[in-house]
Amino acid sequence: MHLSRSGSLISVSGSLNVMVELPCSRCLEKNSYPLDPEFEFVLVPATMKNLPHEMELQQEELNIDFYDGEVIDLGQIVRNQIILTVPFNPLCHPDCKGLCTSCGKNKNKESCECLEKETVDSRFLALRKISGKKQE
Ligand SMILES: [Zn+2]
Ligand SMILES: [Zn+2]
């Protein structure tokens, strides 16, 4: 991580290499994911929240963050950078089969026939309803 200071502005750049443990969004099995966020941003003291106009224009481009007081909580900033790169729908495996919506079995480990039965059953029910109506 690299810090450089010009006046009250602090430029931070660097990259991280971390492993995070996240539950798979399909089967909820915990899995480790490597993350290597790269970041570069400028820290501006909170007292300068009313940015000069020209800086306001650059805010998105520059990735400006604010800091309060004398102490900069780099841990917090780094955590924010990690959170930004956490996958939204992490999967333990690209073709994870997920959990069965009926019996809750992890279909990567056990197979079940709930879904098949369900569709057959609902078709039967639909047929019965139709034929029932015809008989009335
Ligand atoms: Zn999974
Ligand atoms: Zn099932």
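Residues numbered from 1 in each chain as written. Chains lettered and ligands numbered in written order. Predicted model: local features only at pLDDT ≥ 70, side-chain atom pairs only at ≥ 80, totals over all residues. Heavy atoms only, no water.

Observations concerning the overall build of the protein
- When you go through the protein residue by residue, the secondary structure sums to three helices and six strands.
- Seen in sequence order, the protein has helices and strands lined up from the N terminus as β-β-β-β-β-α-β-α-α.
- Per-residue burial for the protein yields a buried fraction of 22% across its 136 residues.
- Across the protein, contacts joining residues at least 24 apart in sequence account for 48% of those joining residues at least 6 apart.
- Just so you have it, the protein exposes about 10500 Å², and 51% of that area is on carbon and sulfur atoms. (Helix = DSSP H or I, 4+ residues; strand = E, 2+ residues; numbered from the N terminus. Buried < 20%, exposed > 50% of the residue type's maximum accessible area, 1.4 Å probe, protein only. Contact = heavy atoms within 4.5 Å. Areas by Shrake-Rupley, 256 points an atom, 1.4 Å probe, with all protein chains shown as cover.)

Concerning the coordination of the zinc ion (ligand 1)
- Looking at the metal site, the zinc ion (ligand 1) is ligated by Cys24 (SG), Cys27 (SG), Cys92 (SG) and Cys96 (SG), spaced 2.3 Å from it.
- Geometry at the zinc ion (ligand 1) is tetrahedral, judged from its four donor atoms and the angles of 107 to 114 degrees they form at the metal.
- Here the donor residues for the zinc ion (ligand 1) map to a single chain with the spacing C-x2-C-x64-C-x3-C. Separated by 65 residues along the polypeptide, Cys27 in the loop between β3 (18–23) and β4 (30–35) and Cys92 in the loop between α2 (74–85) and α3 (114–135) bring together distant segments of the chain.
- Assessed through its relative accessible area of 27%, Cys92 is described here as partly exposed. (Donors = N, O, S within 2.8 Å, 3.2 Å for Na, K, Ca; no water. Tetrahedral: all angles 85-135°; square planar, octahedral: opposite > 155°, others 65-115°.)

What about the environment of Leu99?
- Examined against the element boundaries, Leu99 turns out to sit in the loop between α2 and α3.
- Given the relative accessible area of 29%, Leu99 is considered partly exposed.
- Not counting chain neighbours up to four residues away, the residues in contact with Leu99 comprise Arg26, Cys27, Leu28, Gly104, Lys105, Asn106 and Lys107.

A short note on the coordination of the zinc ion (ligand 2)
- Every protein donor of the zinc ion (ligand 2) is listed here as Cys100 (SG), Cys103 (SG), Cys112 (SG) and Cys114 (SG), and their distances to the metal cover 2.3 Å.
- In this structure, the zinc ion (ligand 2) is coordinated by four donor atoms arranged in tetrahedral fashion, with angles at the metal of 106 to 116 degrees.
- Each donor residue of the zinc ion (ligand 2) lies on one chain, and together they are spaced C-x2-C-x8-C-x1-C. Within this pair, whereas Cys103 is found in the loop between α2 and α3, its partner Cys114 is found in helix α3, the two being separated by eleven residues in sequence.
- Cys114 gets classed as partly exposed once you look at its relative accessible area, which sits at 21%.

What about the packing of aromatic side chains?
- In the structure shown here, the tally under the stated rule is one aromatic pair.
- On the basis of an interplanar angle of 35 degrees and a centroid distance of 5.8 Å, the ring pair of Phe39 and Phe41 is categorised as tilted.
- Look at Phe39 and you get buried, because its relative accessible area is 5%. (Phe/Tyr/Trp six-rings, centres within 6.5 Å; stacked < 30°, edge-to-face > 60°.)

Notes on the sheet that holds strand β6 (residues 64–67)
- Strand order across the open sheet formed by four strands is β1-β2-β5-β6, with mixed pairing between neighbours. Each edge of the open sheet carries a strand with a single partner, namely β1 (2–6) and β6. Across the sheet, the axes of successive neighbouring strands diverge by a mean angle of 25 degrees, strand direction being ignored.
- In this structure, strand β2 (residues 9–15) lies alongside strand β5 (residues 38–45), joined through six bridges in antiparallel fashion. Its bridge partner being in β5, Gly14 is matched across the sheet by Phe39. (Pairing = 2+ DSSP bridges. Axes fitted to C-alpha atoms, helices over the stretch in contact; angles between N-to-C directions.)

Observations concerning the environment of Gly14
- By secondary structure assignment, the location of Gly14 is in strand β2.
- Gly14 gets classed as partly exposed once you look at its relative accessible area, which sits at 21%.
- Residues Gly14 and Leu3 lie eleven residues apart in sequence; the distance between their C-alpha atoms is 8.7 Å.
- When near neighbours in sequence (up to four residues on either side) are disregarded, Gly14 contacts Met1, Pro37, Glu38 and Phe39.

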